[in-house]
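This is what each chain is made of:
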Amino acid sequence: MKQQADGRHRVVVRANASARIGLGHLRRCAALGRRLDTAGVDVHFLTKTEDLDPAVEVGGFAGACVMLESALQGAADAAYTAEYCRSVGADRLIVDHYQVDEAYQRVLLDSGIRWLQFDVAASMPLWADWVVSMSPAANGERYRVLLRRPGTRLLLGPRYAILRDEFLQWHEARPVNPQAHRLLFTFGGGDDRGACLACLEALRKTNVFEITILSSSYNPQLSSIRSWLEQHADLRGRLLLDDTDVARRMTEADIAVTAGGTTTFEMAMLGLPALIVQIADNQRINAQAWERAGVAVDLGPLEQLDTDRLRNELVNLAGDAGLRERMATLGREYVDGHGVERIIEELYPDVEMVS
């Protein structure tokens, strides 16, 4: 599939989102899509979003946003995606969802489309032209044995982290308070699986923090969180829904408690020390790697959360300004905010990036 006669590139993005799996995949693809759109590339989205409106995250592009039926699975999904790429004259495809297996990739390969594939687990053969793993755990040797095509490009590590534009304006290091007291709780844009309530309960008798909770209207735990806050009004906590200034909230906080997904990259770039609670199995590798890197503290899976340890870690970190400063410095070294540019340079070397 080649660039169209009008000289414009066209890319199709195939990404999923839901309250259950979260919004991270769709949001990072939307951030990438906006930069591509600004650079003059026509961007089309194919999505399965189940219980949310994708227009909230994906809007303003020259191309369409098409909702796929949830019944479309496996090779049929891949075939539809390949045919859609052909129908709009796409010269690239970006794939970011959990339904991709080797059979799915072989359908794309047979179609002739060149595609970029996001991956985390490094657990299956890979046929894509570009493979992106933003995780600090991404290992080149482990990935290379999975490649089935000699020309595949590996884009590995946090230097390829995709951040929304709102985070990129905060470049300067923040002052580190001698004693931390402002906490931020955020567990993604979907179902927090009860993580927020568990963390609040751990701090019920520790009235030394001001707590800001960021969540979305897609979180089925909201009524329980609201009820808890009403019953414990002495705990200085506030709940913000669908907040449009997330980056600012992060810069205002001293410490965060978060899940192990996309948000960890945002916090790393902003120099916000974090404690990570894994709310999904696929966050384990990421969380453990951030701890090894000295950027965050991994508290393990939610179902095994030690609330005494959570409370003690928070209290100790709050009183250790030197440790918080080291964590912040390391985070900014790992995530510099230029991941989007690096990926676009790989996809479209001839496209001029607009700063």
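Residues numbered from 1 in each chain as written. Predicted model: local features only at pLDDT ≥ 70, side-chain atom pairs only at ≥ 80, totals over all residues. Heavy atoms only, no water.

Caption draft 1: A look at the packing of aromatic side chains. Counted according to the given criterion, the structure contains two aromatic pairs. With a centroid separation of 5.4 Å and an interplanar angle of 70 degrees, the aromatic rings of Phe265 and Trp290 are classed as edge-to-face. Here Phe265, found in helix α9 (residues 263-270), pairs with Trp290, found in helix α10 (residues 284-292); they are 25 residues apart in sequence, far enough to count as distant. Across the pair, Trp290 and Phe265 agree in class, each one buried. Summarising the aromatic geometry, the rings of Trp290 and Tyr334 are spaced 5.9 Å apart at their centres and angled 75 degrees between planes, so their arrangement reads as edge-to-face. Taken as a pair, Trp290 in helix α10 and Tyr334 in helix α12 (residues 321-334) lie far apart in primary sequence, 44 residues in all. (Phe/Tyr/Trp six-rings, centres within 6.5 Å; stacked < 30°, edge-to-face > 60°. Helix = DSSP H or I, 4+ residues; strand = E, 2+ residues; numbered from the N terminus. Buried < 20%, exposed > 50% of the residue type's maximum accessible area, 1.4 Å probe, protein only.)

Caption draft 2: Here's a closer look at the packing of helix α2 (residues 74-88) against helix α3 (residues 102-111). Where α2 contacts α3, the axes come no closer than 8 Å and their chain directions differ by 25 degrees. Relative to α3, the element α2 lies roughly parallel. Judged by the sense of rotation from one axis to the other, the crossing of α2 with α3 is right-handed. Contacts between α2 and α3 involve Gly74, Ala75, Asp77, Ala78, Ala79, Thr81 and Ala82 on the former and, on the latter, Tyr104, Val107, Leu108 and Ser111. Partitioned by chemical class, the residues of the contact of α2 with α3 number seven nonpolar, three polar and one charged. (Axes fitted to C-alpha atoms, helices over the stretch in contact; angles between N-to-C directions. Parallel < 35°, antiparallel > 145°, perpendicular 65-115°, else oblique. Left-handed = near helix turned anticlockwise from the far one by under 90°. Contact = heavy atoms within 4.5 Å. Nonpolar A, V, L, I, M, F, W, Y, C, P; charged D, E, K, R; others polar.)

Caption draft 3: Main features of the environment of Met134. Looking at the element boundaries, Met134 is found in the loop between β6 (130-133) and α4 (140-144). Leave out the neighbours within four places in its chain, and Met134 touches Arg28, Gly157, Pro158, Tyr160, Ala161, Ile162 and Phe265.

Caption draft 4: How the structure looks around the sheet that holds strand β10 (residues 237-241). The six strands lie next to each other as β10-β9-β8-β11-β12-β13, forming an open sheet whose pairing is parallel. The sheet is open, and its two edges are formed by β10 and β13 (296-301), each paired on a single side. On average, each strand axis in the sheet is inclined to that of its neighbour by 15 degrees, with strand direction left out of account. Here strand β8 (residues 182-186) runs beside strand β9 (residues 210-215); their pairing, made up of five bridges, is parallel. Note on β9: the bridge partner recorded for Phe185 is Ile213. In the packing of helix α7 (residues 222-231) onto the sheet, contacts are made with β9 and β10, and the angle to β10 comes to roughly 155 degrees. On top of the sheet, α9 reaches β8, β11 (255-258) and β12 (274-278); it is set at about 170 degrees to β11, its chief contact. (Pairing = 2+ DSSP bridges.)

Caption draft 5: Inspection of the environment of Arg174 at higher detail. Note on placement: Arg174 falls in the loop between α5 (165-168) and β8. Setting aside its immediate chain neighbours within four residues, Arg174 contacts Met250, Thr251, Glu252, Ala253, Leu270, Gly271, Leu272, Pro273 and Arg332. Polar side-chain contacts of Arg174 include one of 3.3 Å to the backbone oxygen of Leu270. Within the structure, the side chain of Arg174 is placed 3.0 Å from the backbone oxygen of Gly271, a separation counted as a polar contact. (Polar contact = N/O pair within 3.5 Å; in protein donor to acceptor, adjacent residues only side chain to side chain.)

Caption draft 6: How the structure looks around the pairing of β13. Along β13, five of the six residues are buried, which leaves the element largely enclosed by surrounding structure. Relative to β13, β12 runs parallel, the two being bridged by four bridges. The partner of Ile276 across the bridge, within β13, is Asp298. Between β12 and its parallel partner β13, the chain crosses via α10, and the hand of that crossover is right-handed. (Right-handed = clockwise from strand over helix to strand, strands pointing away.)

Caption draft 7: Representation of the pairing of strand β1 (residues 10-16). Within β1, seven of the seven residues are buried, which leaves the element mostly enclosed by the surrounding structure. Side chains of β1 alternate between two faces, with Arg10, Val12, Arg14 and Asn16 and Val11, Val13 and Ala15 buried alike. In terms of strand pairing, β1 meets strand β2 (residues 42-48) through seven bridges, oriented parallel. Its bridge partner being in β2, Val11 is matched across the sheet by Val43. Crossover handedness for the path β1 to helix α1 (residues 24-38) to β2: right-handed. The pairing of β1 with strand β4 (residues 92-96) spans five bridges and is parallel. Bridge pairing in β4 places Val11 opposite Arg92.

No statement about biological role is implied by the geometric values presented.
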